[in-house]
Amino acid sequence: MSLLVTPWGGELKSLIDLPVDREELKHYAASLPRLQLTQRNICDLELISVGGFSPLDRFMGEADLESVLETMRLADGTLFPLPVTLSIGDDFPAEKGLDIALADQNNELLAVMSVEEVYLPDRDRQATLAYGTTDARHPIVAEMHTWGSRNISGALRVIALPHHHDFSGLRLTPLQTRKQLESKGQPDVVAFQTRNPMHRVHEEMAKRAMDAVNGSLLLHPVVGMTKPGDIDHYTRVRSYRALVDGYFDPDRTVLSLLPLAMRMAGPREALLHAIIRRNFGANHIIVGRDHASPGKDSSGKPFYGEFDAHDLLKDHKDELGVIPVFFEELVYLEGEDRYIERSKTGGKKTLSLSGTQVREDYLYKGRLLPHWFTRPEVADILQQAHPPRHKQGFCIWFTGLSGSGKSTTAQNLITRLFEFGRPATLLDGDVVRTHLSKGLGFSKEDRDTNIRRIGFVASEIVRHGGAVICATVSPYRSTRSECRAMVGSDRFVEVFVDTPLEICEERDVKGMYELARMGKIKNFTGIDDPYEEPLNPEVKIKTEFDSADDNAERILQFLKSQGLILSGSSEKSRSVSGREQ
């Protein structure tokens, strides 16, 4: 008998441990229609394969999906709060009764699915019920617009797990994690869900939780898909490893990586995290404020309440058999070198740093985080991975009607950025269509594909520390939100070029609007296809009265306010030049 809590549903549904002739299966799969999975699909398949999503042993069929949306339960009544589905496009040849091969993004075979269901999901309904919103500022809602129109489900035969080249010794399956936890000799295990670096306050919480349950700690960072803009998992895992090696009791601590694609679904996701941790052997989970929060919606309001996750976990803790561990806010007592609950300070001097202060006052400025806040090993790792804000990449995304003045302002801005020592790449819509998207038409699907390509290229430039300016109509909010998510919200500056349609038509030297009015050009934005104005852009400019110089200056002022460029010699040089004239 195991010391640990049983897996959710009573047994670990580990498909990778089933007796299968994998060489024969791989040979058979080579002859089947092959579905190349997205990053989310790959993460989900891995957790299904190793039993992390037990009792799921497949992507959800229609009955399970509908039940989960309505009741947070599978069709058999088992608590399971969020959809885990696999979508396909209309052109993929999947039919009930046929086998298909599932492959990763490098086309390596992962599994064979015997298709038992092909069904049409309602994406808006799914977004509303599962995530509480259809706002495309929610990362998964934006992503859902890229999913195929049909879902498929069926029994899976696993050929191989996705291959990871990094941290292979820490990528433990539920079965492997359970074995390590059992070796600690404690039946009670508290899991710590992380997707951010751990600082001393988090270290204190984890140690207190271990002591409170008189058990072991499962430090279980997510290394699949997290919130867009989060620090990369390579940096985070290096910091976790430094902490575990130097500051945690090795006889009570297990570090294991979790290949989860987060949904950023707040309270429902907190329940999913508890189920996953039970499958990995934990019967307690540390839950903070704003657990799995996607941030703010298009109106600037949080998607979920600060303590919604706490409330939902409390409601289901007895059924789930996983006890949530909550902590009051901890602050640092400067004179005693220790952390304490804010309510117990008794007026003594305390220190604390908010996440905003960490980013803006330290990381963005290249300053080492103070020793009382984080361990020196972690501070060094974060400083190496986090250049000052003015040396980080960013994307300026111009959107507006054809003829609104996007390209003119972008050309002006790009030369101004050179003054600040920030050379930038310009991705102009017309140029991109010639070189990157040749062959695409102007249907909604082709337009979205074109914009996603621009977003992907922009995200790669930003990831490597470059500045990029994108000037394209990009008429649909959901697709712009996808690009924001790819780049990272804190480095994405949406500039709405708010020029009235009649002004754009007056400027139309190519006569495109006239041809559209005559019906000779179809699906022309602003005439017979909609333009969806940004609801909350970082910058709004007008070009019918303001010059390109004025508008470029407005954008530069915003970039300065965000620390993305530094004030300095460029203003002085322009001022001197003005006096000489």
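One can find the structure itself at the top, above this paragraph.
This one's a predicted model, so the numbers in the text were calculated from it and none came from an experiment.

## A word on the packing of aromatic side chains
Evaluation of the coordinates by the stated rule reveals eight aromatic pairs. Residues Phe53 and Phe80 carry aromatic rings whose centres are separated by 6.2 Å and whose planes lie at 80 degrees to one another, so their mutual orientation is edge-to-face. Taken together, the positions of Phe53 in the loop between helix H2 (39-50) and helix H3 (62-71) and Phe80 in the loop between H3 and strand S2 (86-88) put the pair 27 residues apart, joining distant regions of the chain. A relative accessible area of 0% places Phe53 in the buried class. Residue classification places Phe80 among the buried positions, given a relative accessible area of 0%. Aromatic pair Tyr332 and Trp372: ring centres 5.5 Å apart, planes at 25 degrees, arrangement stacked. With a gap of 40 residues between them, Tyr332 in strand S11 (residues 330-333) and Trp372 in the loop between helix H11 (355-362) and helix H12 (376-385) connect regions that are remote in the sequence. Here Trp372 falls in the buried class, since its relative accessible area comes to 12%. The rings of Tyr332, Tyr339, Trp372 and Phe373 are connected pair by pair, giving a single aromatic cluster.

## A short note on unusual backbone geometry
In this structure, Pro55 follows Ser54 across a cis peptide bond, with omega equal to 15 degrees. In this fold, Pro55 is placed in the loop between H2 and H3. Of note, Met72 is a non-glycine position whose phi angle comes to about 60 degrees, a positive value. You will see that Phe167, though not glycine, has its phi angle at about 50 degrees, which is positive. You can see Phe167 is positioned in the loop between strand S5 (150-158) and helix H6 (174-183).

## Comments concerning the sheet that holds strand S1 (residues 34-36)
One open sheet holds the five strands; their spatial order is S1-S3-S4-S5-S2, and the pairing between them is mixed. Here the strands that pair on one side only, and so sit at the sheet edges, are S1 and S2. Strand after strand, the sheet turns through a mean of 45 degrees between neighbouring axes, direction not considered. Bridge count for S1 against strand S3 (residues 99-103) is three bridges, and the pairing is parallel. Across the sheet, residue Leu35 finds its bridge partner in S3, namely Leu102.

## Things to note about helix H16 (residues 477-487)
Summarising burial for H16: eight of the eleven residues are buried, a large majority. Listed in full, the buried residues belonging to H16 are Ser478, Thr479, Arg480, Ser481, Glu482, Cys483, Arg484 and Val487. Structurally, H16 contributes buried residues whose contacts are with helix H5 (139-144), strand S14 (394-399), helix H15 (444-463) and strand S17 (492-497). Phi turns positive, to about 110 degrees, at Gly488, one or two residues after H16.

## Thoughts on a negative patch on the surface
On the surface, a cluster of negative charge is contributed by Asp290, Asp308, Asp311 and Asp315. Checked against the element boundaries, Asp311 lands in helix H10 (residues 308-320). Since its relative accessible area comes to 40%, Asp311 is described here as partly exposed.

## Topic: the nonpolar core
Formed by 74 residues in total, the largest nonpolar core has its most connected members in Phe53, Phe59, Phe80 and Leu102. For this core, the element with the most residues is helix H9 (residues 267-279), which contributes six residues. Among residues more than four places away in sequence, those in contact with Phe59 are Asn41, Asp44, Leu45, Ile48, Val84, Thr85, Leu86, Leu102, Met113, Ile152, Ser153 and Leu156.

## Here we look at the sheet that holds S11
With antiparallel pairing, the three strands of this open sheet are ordered in space as S12-S11-S13. The open sheet has two free edges, formed respectively by strand S12 (338-341) and strand S13 (350-351), since each of these has just one partner strand. Pairing of S11 with S12, which is carried by four bridges, proceeds in the antiparallel orientation. Among the inter-strand pairings, Val331 is bridged to a residue of S12, identified as Ile340. The strands touched by helix H7 (residues 200-213) within the sheet are S11 and S12, with S12 carrying the most contacts at an inclination of about 70 degrees.

## A word on the pairing of S17
S17 sits mainly inside the fold: six of its six residues count as buried. Because side chains alternate across S17, one face comprises the buried residues Phe492, Glu494 and Phe496, and the other comprises Val493, Val495 and Val497, equally buried. By the bridge criterion, five bridges tie S14 to S17 in an arrangement that is parallel. Looking at S17, one finds that Phe398 is bridged to Val495. Pairing of S17 with strand S18 (residues 539-541) involves three bridges; the strand directions are parallel. By the bridge assignment for S18, Val497 is matched with Ile541.

## Considerations on the environment of Gly429
Along the chain, Gly429 falls in helix H14 (residues 429-435). Through-space distance from the C-alpha of Gly429 to that of Ala471 is 5.8 Å; in sequence the pair is 42 residues apart. Residue contacts for Gly429: discarding those within four places in its chain leaves Ala471 and Thr472.

Each value, and the rule that gives it
Residues numbered from 1 in each chain as written. Predicted model: local features only at pLDDT ≥ 70, side-chain atom pairs only at ≥ 80, totals over all residues. Heavy atoms only, no water. Phe/Tyr/Trp six-rings, centres within 6.5 Å; stacked < 30°, edge-to-face > 60°. Helix = DSSP H or I, 4+ residues; strand = E, 2+ residues; numbered from the N terminus. Buried < 20%, exposed > 50% of the residue type's maximum accessible area, 1.4 Å probe, protein only. Pairing = 2+ DSSP bridges. Axes fitted to C-alpha atoms, helices over the stretch in contact; angles between N-to-C directions. Contact = heavy atoms within 4.5 Å. Patch = residues over 30% accessible without salt bridge, like charges linked within 9 Å, V, L, I, M, F, W, Y side chains within 5 Å. Areas by Shrake-Rupley, 256 points an atom, 1.4 Å probe, with all protein chains shown as cover. Salt bridge = Lys/Arg side-chain N within 4 Å of Asp/Glu carboxyl O. Lys, Arg positive; Asp, Glu negative; His and termini not counted. Charge placed at Lys NZ, Arg CZ, Asp CG, Glu CD. Core = buried A, V, L, I, M, F, W, Y, C linked by side-chain atoms within 4.5 Å.

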